[in-house]
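Next come the chains, spelled out residue by residue.
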Amino acid sequence: MFEKSINLFNRAQQSIPGGVNSPVRAFKSVGGTPVFMKSAKGAYMYDADGNRFIDYINSWGPMILGHAYEPVVKAIQETAQYSTSFGAPTELEIEMAELIISMVPNVDLVRMVSSGTEACMSAIRLARGFTGHNKIIKFEGCYHGHADSFLVKAGSGVATFNIQTVPGVTAGVANDTLTCAYNDLDAVKQLVAEHHGEIAAIIIEPVAGNMGCIIPQPGFLEGLRAICDMQGIVFIMDEVMTGFRLAQGGAQERLNIKADLVTYGKVIGGGMPVGAFGGKKEIMQHISPLGNVYQAGTLSGNPLAMIAGYVMLKTLKENAAIYKQLDEMTSYLHKGLNEVLKASGTPYVINQLGSMISVHFSDHPVINFATAASANNELFKKYFHAMLKRGVYLPPSAFETWFLCNALTKEDIDVTIQATKESLQEIL
Ligand SMILES: *Cc1c(COP(=O)(O)O)cnc(C)c1O
């Protein structure tokens, strides 16, 4: 089934470290060979061997309208003929900024970058420059990109590969990153008390997606907001996953929580390399060239990236029903999975918010990294491969959320539920 992928993977390892350009793609945690993709359209991806998969990764989030969404593809083609980069400002960048500001709450000014990593790294620098404090608080299992400050108890690939301390991150940098368990407000209060007047920012995934899908418990985000208000700490909501996915205005809108700074990536670029960070003018005005907190990018605001993101966001803005459809489709999947998992007799937990969902083989609620890690992740590996074989492409790790796109049909979901039923019969 995967002969060509196996050959390509062997060849890739000769010239690319581990054969991949981003670690979780390597399937290292689930074993086996990564599937090399050739094309994708709507909800389906096609690999080098000609296999078709129903896609529940959607490029780790961006393809919320499905792959090769025609208006985005056309706009990129049209824009490319006028040059692919200027290194000078364009009207398109203003239109993109205005569109973002019109869709999300609490953003007066927004700076475009080329990845979610850059967005989070820059937001932290800005928070430090603004407050004059050095330390940040992040949560175990949350992933904010691969900048040094965030590679402490991080989620996603760092969790998947069980890397405790990342070589290359200096102790000095690591010491400025304090960590707490997700959903543990008392631990945050204690840390803040211990480090009074030293903390620049609290950064969090408002709905975590890098240790499976983890939902904030009632009062948790509200509690963080209150602590930040009381202590003059910058509250950064990392909406790289949730932005433009959980609602037009992301988790800020959906969960009704205000961020001081917010970071974006994934959906915001329509599948092109884009990130952004923004917030209130009072803070954002410290960014260069307005202020002295330096931040720059040769390809930031790149015209191809901007037009792809612009068309994507505009479509989402003008079709609010998309979010309702995505929610309904995901709830339908949730219900179907629930039925076949229940019938199988194996302990399980399904976490879902909007179009983010994940399955953990666990007999206890999964509310943070420790509870995600103590699930039966060996069984997840088997489940992953059994599904892959049946043409369903899930994230190759229990430490990742699944993403739905609105190109999925009810039939696709039914196929997925049936595949789960058969997979469970095979692996249990
Ligand atoms: C993916 C992700 C990032 C990093 O974005 P990149 O574009 O991969 O650099 C940061 N934060 C969260 C929450 C993410 O899911």
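In this text the structure is predicted, and so the values were computed from the model without any measurement.

Here is what the cut-offs are and how they apply
- Residue positions are given per chain, counting from 1 as you read along its sequence in written order.
- Per-residue local features of the predicted model are confined to residues with pLDDT of at least 70, and side-chain atom pairs are confined, for both listing and counting, to 80 or more; whole-chain, interface and lining totals are unaffected and use all residues.
- No hydrogens and no water enter the side-chain calculation; it runs on all heavy atoms of the structure.
- By definition, any uninterrupted DSSP run of H or I lasting at least four residues is a helix, any uninterrupted run of E lasting at least two residues is a strand, and each is numbered from the N terminus.
- C-alpha atoms define the radius of gyration, and 2.2 Å times the number of residues to the power 0.38 defines the globule rule.
- Partly exposed describes any residue whose relative accessible area lies between the buried limit of under 20% and the exposed limit of over 50%, with all areas from a 1.4 Å probe on protein chains only and scaled to the type maximum.
- Whether two residues are in contact is decided by their heavy atoms: any pair within 4.5 Å suffices.
- With residues, only the protein chains shown are counted as cover, and all accessible areas are computed by Shrake-Rupley using a 1.4 Å probe.
- Counted as positive: Lys and Arg. Counted as negative: Asp and Glu. His and the chain ends are not counted at all.
- In this description, the location of a charge corresponds to atom NZ of lysine, CZ of arginine, CG of aspartate or CD of glutamate.
- Near, as used in this document, describes a residue that has one of its heavy atoms within 4 Å of the molecule or strand being considered.
- In protein, a polar contact means a hydrogen-donor-capable atom and an acceptor-capable atom, both N or O and within 3.5 Å, with residues adjacent in sequence counting only if both atoms are side-chain atoms; elsewhere, any N or O pair within 3.5 Å suffices.
- A pair is scored as a salt bridge if a Lys or Arg side-chain nitrogen falls within 4 Å of a carboxyl oxygen belonging to Asp or Glu.
- DSSP calls a pair of strands paired once it identifies at least 2 bridges connecting them.
- Crossover handedness is defined here as right-handed if the route from the first strand over the helix to the second strand goes clockwise, with the strands pointing away from the viewer.
- To estimate how far a helix should reach, multiply one less than its number of residues by 1.5 Å.
- What is meant by a nonpolar core is a set of buried Ala, Val, Leu, Ile, Met, Phe, Trp, Tyr and Cys residues, joined one to another through side-chain atoms within 4.5 Å.
- Either an automatic procedure or a domain database provided the assignment from which the domain bounds are taken.
- In summary, the pairing rule links any two rings of Phe, Tyr or Trp, Trp by its six-membered ring, whose centres are within 6.5 Å, and it sorts them by plane angle into stacked for under 30 degrees, edge-to-face for over 60 and tilted for everything else.
- For a ring to carry a charge above it, either NZ of a lysine or CZ of an arginine must fall within 6 Å of the ring centroid while also lying within 35 degrees of the normal to the ring plane.

A. Expanded view of the overall build of the protein. Counting its regular elements, the protein contains 15 helices and 14 strands. Expected size for 428 residues packed as a compact globule is a radius of gyration near 22 Å; at 21 Å, the protein falls within 12% of this value. Classification of the 428 residues of the protein by burial places 56% in the buried group. Pairs at least 24 apart in sequence give 72% of the contacts found in the protein among residues at least 6 apart. Total accessible area on the protein stands at roughly 17700 Å², and carbon and sulfur atoms take up 53% of it. Within the protein, one finds 33 positive and 39 negative side-chain charges whose respective centroids are separated by 3 Å.

B. Region of the structure containing the site of the ligand. Taken together, Ser115, Gly116, Thr117, Tyr143, His144, Gly145, Glu205, Asn210, Asp238, Val240, Met241 and Lys266 are the residues near the ligand. In this structure, aspartate 238 approaches the ligand through a side-chain N or O atom, which is 2.7 Å from a nitrogen atom. Note that an oxygen atom of the ligand is positioned 2.6 Å from one of the side-chain N or O atoms of lysine 266. Relative to its free-state accessible area of 380 Å², the ligand is covered by the protein chains to the extent of 83%.

C. Structural detail: the pattern of salt bridges. For the structure shown, the criterion picks out 15 salt bridges. Ionic pairing is found between lysine 324 and glutamate 328, a salt bridge with its closest N-O pair at 3.5 Å. Of the two residues, lysine 324 and glutamate 328 both sit in helix α12 (residues 321–344), four residues apart, roughly one turn of that helix. Assessed through its relative accessible area of 47%, glutamate 328 is described here as partly exposed. Across the pair arginine 390 and glutamate 426 runs a salt bridge, and its minimum N-O distance is 2.9 Å.

D. Here's a closer look at the sheet that holds strand β11 (residues 349–353). The strand order β11-β12-β14 describes an open sheet built from three strands, whose pairing is antiparallel. For this open sheet the edge positions go to β11 and β14 (402–403), each flanked by a neighbour on one side alone. Inspection of the sheet shows β11 paired to strand β12 (residues 356–360) by five bridges, in the antiparallel sense. Directly across from leucine 353, in β12, lies its bridge partner methionine 356.

E. Broad picture of the pairing of strand β8 (residues 234–238). β8 sits mainly inside the fold: five of its five residues count as buried. A two-sided burial pattern is seen for β8, the buried positions comprising Val234, Ile236 and Asp238 on one face and Phe235 and Met237 on the other. Alignment of strand β7 (residues 199–204) against β8, held across four bridges, turns out to be parallel. When the sheet's bridge partners are listed, isoleucine 203 is paired in β8 with isoleucine 236. Following the backbone out of β7, through helix α8 (residues 220–231) and into the adjacent parallel β8, one traces a crossover that is right-handed. In the sheet, β8 pairs with strand β9 (residues 261–264) via three bridges, with the strands oriented parallel. The residue of β9 that forms the bridge with isoleucine 236 is leucine 261.

F. Structural detail: helix α4 (residues 116–131). For α4, which comprises 16 residues, the first-to-last C-alpha distance of 22 Å matches the rise-based estimate of 22 Å (1.5 Å per residue) to within 8%. For α4, the full list of buried residues reads Gly116, Thr117, Ala119, Cys120, Ser122, Ala123, Ile124, Leu126, Ala127 and Thr131. A positive phi of about 75 degrees marks glycine 132, the residue just after α4.

G. View of the nonpolar core. Within the largest apolar cluster, 116 residues are counted, with the highest numbers of intra-cluster contacts made by Tyr56, Ile137, Phe139, Phe244, Ile268, Leu313 and Leu316. Top element by residues in this core is helix α11 (residues 303–318). It accounts for 10 residues. Counting contributing residues per domain, this core is built from domain 1 (3–68 + 320–427) and domain 2 (70–318), each supplying no fewer than three. Residue contacts for phenylalanine 244: discarding those within four places in its chain leaves Ile64, Ile100, Met103, Val104, Gly250, Tyr264, Val267, Ile268, Leu313, Leu316 and Tyr323. Counting residues in each nonpolar core, the second largest holds 21 residues, with Ala127, Phe150, Ile203 and Ile287 among its members.

H. Structural view of the packing of aromatic side chains. The final tally for this structure, using the stated rule, is 12 aromatic pairs. A centroid spacing of 6.0 Å and a plane angle of 55 degrees characterise the contact between tyrosine 56 and tryptophan 402, whose relative ring orientation is tilted. One end of the pair, tyrosine 56, is in the loop between β3 (52–55) and α2 (70–80); the other, tryptophan 402, is in strand β14, with 346 residues separating them in the sequence. For tyrosine 56, a relative accessible area of 0% puts it in the buried group. Geometrically, the ring pair formed by tyrosine 182 and phenylalanine 220 is tilted, given 5.4 Å between the ring centres and 55 degrees between the ring planes. Pair noted here: tyrosine 182 is in the loop between β6 (177–180) and α7 (185–194) and phenylalanine 220 is in helix α8, with a separation of 38 residues, a long-range link. Like tyrosine 182, the residue phenylalanine 220 is buried in the burial classification. Of the aromatic side chains, those joined through ring pairs into one cluster are Phe2, Phe53 and Tyr393. Positioned above the aromatic ring of tyrosine 44 is the side chain of arginine 52, whose terminal nitrogen or guanidinium carbon lies 3.8 Å from the ring centre.

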